Every structure is written in C-alpha cells, then in structure tokens.
Amino acid sequence: MVQDELTVRRGTPSLVAPARETPRESKPLSDLDDQNCMRIYLVGIYAFRGNASKQGVDPAAVVRGALAEALVHYYPLAGRLREEAGRKLVVDCAGQGVAFVEADANIALDDLGDVRYPPFPRSEEFVYDDHVYMANLPPDLLLPEIIGQPLLYVQRANVVSRIIRKKAIAGYSPAIAGYFKLWQFLKAVGELARGADSPSVPPVWSRDIFNARQPPCPSFPHPEFQDPAGGHDRLMSTPPHELERVEFSFGPEAIAALHSRAAPGKKVSRFDLVVACLWRSRTAALGYAPGDEVRCGMPVDARGKRPAAFGREIPKGFYGNAIACTVACCTAEELCGRDLGYAVGLIRDAKALVTYEYMQSLADRMVLEGRPVPEAKRTFTVSDLSNVGLEDVDFGWGKAVYGGPPMNALYQLPGGATFFRRRKNDRGEEETYGAIYIPGDCTERYMKEVEALTTITKLPTESAPAATLRARY
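Participant: Please explain the overall build of the protein as it appears in this structure.
Facilitator: For the protein, the helix and strand inventory stands at ten helices and 19 strands. Counting every position in the protein, which comprises 473 residues, the buried fraction comes to 53%. Nonlocal contacts in the protein, meaning residues at least 24 apart in sequence, comprise 81% of its contacts between residues at least 6 apart. A total accessible area of about 19700 Å² is found for the protein, and carbon and sulfur atoms account for 51% of it.

Participant: Is there a simple way to explain the sheet that holds strand E3 (residues 25-28) in this structure?
Facilitator: Taken in spatial order, the three strands make up an open sheet running E3-E6-E5, and their pairing is antiparallel. One side of each edge strand has no neighbouring strand; the edge strands of this open sheet are E3 and strand E5 (80-83). This sheet shows a mean twist of 35° between the axes of neighbouring strands, independent of strand direction. Looking at chain direction, E5 and strand E6 (residues 89-93) are connected through four bridges and run antiparallel. Along E6, the bridge assignment pairs Arg82 with Val90.

Participant: What exactly am I supposed to notice about the side chain of Asp33 here?
Facilitator: As for its placement among the helices and strands, Asp33 is situated in the loop between E3 and strand E4 (45-47). Here the side chain of Asp33 touches Asn321 through a polar contact of 3.0 Å, landing on its backbone nitrogen.

Participant: What am I meant to see in unusual backbone geometry here?
Facilitator: Residue Pro119 follows Pro118 across a cis peptide bond; omega there is 5°. Looking at the secondary structure, you find Pro119 in the loop between strand E7 (98-105) and helix H2 (123-126). Going from Gln214 to Pro215, the amide bond is cis rather than trans, its omega being -5°. Following the sequence through the fold, Pro215 ends up in the loop between helix H3 (179-193) and strand E10 (243-250). Positive phi values are uncommon outside glycine, yet Arg87 reaches one of about 65°. Tracing the backbone through its elements, the reader meets Arg87 in the loop between E5 and E6.

Participant: How do you make sense of the packing of helix H4 (residues 252-262) against helix H10 (residues 443-454) when you look at a structure like this?
Facilitator: Axes are the key here: two packed helices are described by the angle between their axes and the distance separating the axes. With their axes 7 Å apart at the nearest point, H4 and H10 run at an angle of 75° to one another. As the angle between them shows, H4 and H10 are arranged roughly perpendicular. Between H4, through Ala254, Ala257, Leu258 and Arg261, and H10, the contact on the second element is made entirely by Ala452, Leu453 and Thr454. Along the lines of polarity and charge, the residues of the contact of H4 with H10 split into five nonpolar, one polar and one charged.

Participant: Help me understand helix H1 (residues 59-73) in this model?
Facilitator: Along an α-helix, a turn takes 3.6 residues, which lines up residues three or four apart on a common side. Across its 15 residues, H1 extends 22 Å between first and last C-alpha, which sits within 8% of the 21 Å expected from 1.5 Å per residue. Every buried residue of H1 is accounted for by Pro59, Ala60, Val63, Ala66, Leu67, Ala68, Ala70, Leu71 and Val72. Of the residues that open H1, the one with a side-chain oxygen 3.1 Å from the backbone nitrogen of Ala60 is Asp58.

Cut-offs applied
- Residues numbered from 1 in each chain as written.
- Predicted model: local features only at pLDDT ≥ 70, side-chain atom pairs only at ≥ 80, totals over all residues.
- Heavy atoms only, no water.
- Helix = DSSP H or I, 4+ residues; strand = E, 2+ residues; numbered from the N terminus.
- Buried < 20%, exposed > 50% of the residue type's maximum accessible area, 1.4 Å probe, protein only.
- Contact = heavy atoms within 4.5 Å.
- Areas by Shrake-Rupley, 256 points an atom, 1.4 Å probe, with all protein chains shown as cover.
- Pairing = 2+ DSSP bridges.
- Axes fitted to C-alpha atoms, helices over the stretch in contact; angles between N-to-C directions.
- Polar contact = N/O pair within 3.5 Å; in protein donor to acceptor, adjacent residues only side chain to side chain.
- Parallel < 35°, antiparallel > 145°, perpendicular 65-115°, else oblique.
- Nonpolar A, V, L, I, M, F, W, Y, C, P; charged D, E, K, R; others polar.
- Expected span 1.5 Å × (residues − 1).

Remember, this is a structural readout, not a statement about activity or role.
Shown next, in the form of structure tokens:
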C-alpha cells in the first residue's frame, strides 16, 4: 500500500443528542467567549491503534453512546448559537445534538509513516469537510455559518485490518470550548466509553466570571489591538505559495545554549527561551527596519496561574474561554541589537500582565469596541500545547497515538501561528518542536540566526573531544 492510494468513504452524517432529557434554556456566553477571533471552527485529530481485547466491539457504537452520555453533562455543546443585540452570542440549549459520521479508509495507520507528531499526514483527506471549517478564513476571521449549526463535528473512521483510526472532533466552535479545554470534554467521553457513571471532573459553566464590568472601564492599554508603528509587514505581504515551512527541534543542548546566553545562573522556562530565540531570528530574517515595532503574541491560559497571582480562583471543570492574548513589544533594532535576555524579559513581563483585572479589562474592551480582532502585523504568534494533555484521551482502545491539531504551524491566519509540542528524541531526551512559515528567500537567514543562538562549541578536554551543540531542523 502506498499513500497515494488513500480513499476515504463516508456514511451519511447524523445527529447525536444527549442520552437523556437536559435543561431547555438559553445560556449567554462570556464576553471573552464571543470574540470575533473565536467565531470559527478548528480541527483536531485523534489516532488510535487496534486492541486485541476489543475484537467484535463496534467502536462507532461505543463512541456514539459515550458522546450521548457526555452531552447529558455538557448539554450546551448539543445546543446552537444565536446572536442577540450587540452581537452577543447565546447558546439555545434544546438537545439538538452534535454531528456524527462514520467512515472507512483503505489504508493502515503504519502506511502513513510516523503519526506521533504533527503535521498529521494527509489530514485534509481524512477530515470530514461538510462545510465551514475547511474553508479559507476570511480577513476578519468571522464565519457567520457557526450560527444555528452543530457546535461539534465528530468523525469515527476505520482503516484496514481494523486498526482503529478515530478522528474525533473534526470541527468545533472555540466560543464554547477552546483547544485548551477540549481535552476535558474528550476525556469525559473516554471515561464514559470505558464504563464510568459520570465524568471525573464535573463541567462548570460560570461564564459570568469573564463578563465586562458595569459600566465597562478598560484599565490596561491592550496594544495587541493597535496598529504597530512602522512600515509594511514582509510576511503578510508574501503570497502563500511563496512561504516555506521550516521545522525546528530544541533539545537539552540547544536549551542550555540559549540559557547561557539569556540568563546564566537564573531560572528561565523552556518556553521563554525558545520563543525569544524564534522571535528574534524571525525578525532578523524578515529584514524589518530598525524603528519598526515588532511583537510576540502569546495566548495565556488563566487556569495555569496560581489564584494568588491571578487574583481569583477559576472553578475546576470550567470549560469556557479563560485565555487572554498578550503581546511583548519593542523595535526591531532593540530586539536584534540587544542580548537574548532582553527578549526573554519582555516575554516574561507580557505573560505576567495577565491577571483577573487584566481579563476584566479585556472583556470591557470587547464590549466597548465591538469585539476587535488582535492586530497581526509584524506579530509572531506562538502557543504551547505541550501540557494540555491532548494525547491522554482513551475511548477504551488505549491512549491516542496522535492527538490535537493536524499542524504545528498555520499560514492561513493573518501573520501565521506556531504551536509548540514536546517529544522524545532518539536518545530519550525531551525536545520542544514545532514549525514556522516564512518567505522562501528568508529561510537561510532565519536558520543561521537560530544556529548562532543555539550553538556552543565546547573546548576539548582529556576525556572528550570538542563538540558543537545546536538546534536541529
């Protein structure tokens, strides 16, 4: 079997409603849930291997039944979005159900190669592409087709030899549950599929905690919504076919090299070091003018912050949007002309801004200014999915071989986006890996910049020869 022979045959989509009666009511989303940039469908893929103990068990029936049970607890996910005055989104909960489709593919999982890490091979052919979420995103990021549509699309696919290739969550609305909490719902589906009576973590709605104050009174400047000073953006003006995808992987030696340059003797997170390296290298490669303002945009999940530092406790089981996108800002000259520790400091300061008051201020801004979209010009957007637990989902066939978005970088979003994951290299060492899109004629400069920051030449000793340590591509 060769990959070119892939054929996916899909059945007729149907709706899976909650297994029992659920409340009939309308539930308003929070002012952070219904941002314009959240009104889209995203794609997630989960791949599972076969399990000899499950011979004769129909995985479609298991997943379908568990979905119906989970929707009793997460009944808003079975509802439909409605837009009220002021473009406020409300979920009409009437047990309408989520979309479900069965499929068969004439290929074995192993024929796709190494599927443990993104990009997932030929994902566009596997994903159920009924309508909106496979379309190119429009400039304003708004897909009105989510109104009145199922909030979740689930496809369960078999491959040859009954190797289970489940592609759960072909599309869903982040306004209801973002990537950072989608695993909570899928984990609940898995627990119920394995025989649990109820989810181990009961879902919590509580969307009011992230509503605008009355009256709205933004208390932070939120530069992410303002046009950065300077000229045009080389990346955004480059046609997609002229962009090149460059993968990267930072192992212990590369991290040690970055640490020695940025903050020797001080504690710095792996995320801060890698982001600082990529932001600076990308900026230098794109050739921005010295006075051009450049930014690094990072989604910060408030659930990962200590209540004392954040300013309040977020209920366990909350599955709404608790994420704020913050930006580190400086000029290209400052970023590339100063040491790496300068970039690390900007990144840490930007993340530290995200407190409960900051998120209230963000909600205030959403309401006062008609839900503005963050400015993407000269902004490197990066997100860390390493600790989300996307691969921990288990429907009874074992944990996922692959879990999460099919790509580790996007060029369809204005300015692009990069997603970090972690993996083990051939020596069993943990690496941070991902990819970045950049104009083809900038890739050589970009890789040289990364190499310069991650390379340390160790002098030879009596017991060891000289060694060069660097990031890998």
